[in-house]
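Understanding the architecture of this molecule
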Amino acid sequence: MVPISNIIEGWNLYIKGKTPEFAIKRKDICKKCPFAKMGTYEKWMPEKELKEIKGLMCSKCECPLSTKLRSENEKCPLNNW
């Protein structure tokens with residue numbers, strides 16, 4: 001189970017339009033992942049910084065990538081980052 005603090009941190013940075021350097025590196029990994037799938041509501045989420053992952057969610061943990069990547073303490077369920 002994902003700690004609520006990780007979820008809040010990811011959403012907070014997403015809403016503020018802030019993208020830490022580590023999120024850019026994670027994006028490069030996730031955009032190539034076969035488990036990155038188009039989500040239902042995620043496709044309507046604006047994404048200004050990480051355009052390559054706009055609308056994608058992780059089908060392993062079902063988190064929107066736009067927010068998951070921005071949370072420093074989040075982990076990839078496949079241990080890719």
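Going by the structure above, here's the rest.
Described below are features of the structure shown in this document. Along each chain, numbering runs from 1 in the same order as the chain's sequence is written. Only residues with pLDDT of at least 70 are given local features in this predicted model, and only at 80 or more are side-chain atom pairs given and counted; all residues enter the totals for whole chains, interfaces and linings. Hydrogen atoms and water are omitted, and side-chain values are computed over all heavy atoms in the structure.

**Let's talk about the pattern of salt bridges**
Salt bridges are defined by distance alone: a side-chain nitrogen of Lys or Arg within 4 Å of a carboxyl oxygen of Asp or Glu. All chains considered together, the criterion is met by five salt bridges. Of the charged contacts, one joins Lys-27 and Asp-28 as a salt bridge, the two residues approaching to 2.9 Å between their closest N and O atoms. For every residue, the accessible area obtained with a 1.4 Å probe (protein chains only) is divided by the maximum for its type, and the residue is called buried under 20%, exposed over 50%, and partly exposed between those limits. In this structure Lys-27 comes out as buried when scored by relative accessible area, which is 8%.

**With respect to helix H1 (residues 4-16)**
Residues three or four positions apart in an α-helix share a direction because the helix packs 3.6 residues into each turn. Over its 13 residues, H1 runs 18 Å from end to end, which matches the ideal 18 Å to within 8%, given 1.5 Å per residue. When H1 is considered as a whole, its buried residues turn out to be Asn-6, Gly-10, Leu-13 and Tyr-14. For H1, the angular spread of buried residues about the axis comes to 105°, placing them on one side. Along H1, exposed side chains directed more than 90 degrees from the buried face belong to Ile-4, Ile-8, Ile-15 and Lys-16. Under the scheme used here, helices are H or I runs from DSSP no shorter than 4 residues and strands are E runs no shorter than 2 residues, and both carry numbers assigned from the N terminus. A helix is expected to reach a length of 1.5 Å times the quantity of its residues less one. By definition, the arc is the one covered by directions from the helix axis to the C-beta atoms.

**A few points about the nonpolar core**
By convention a nonpolar core is built from buried Ala, Val, Leu, Ile, Met, Phe, Trp, Tyr and Cys residues, the set being connected through side-chain atoms within 4.5 Å. Formed by Ala-23, Cys-30, Cys-33, Ala-36, Leu-50, Ile-53, Leu-56, Cys-58, Leu-65, Leu-69, Cys-76 and Trp-81, the largest nonpolar core amounts to twelve residues. Non-local contacts of Ala-23, meaning those with residues more than four positions away in its chain, are made with Leu-50, Leu-69 and Arg-70. Any two residues whose heavy atoms approach within 4.5 Å are treated as being in contact.

**What about helix H2 (residues 21-30)?**
Listed as buried for H2 are Ala-23, Arg-26, Lys-27 and Cys-30. Considered in projection along H2, the buried side chains sweep an arc of 110° and stay on one side of the axis. Opposite its buried face, H2 presents the exposed residues Glu-21 and Lys-25, each directed more than 90 degrees away. Turning to H2, the residues buried within the fold contact strand E1 (36-38) and helix H3 (65-68).

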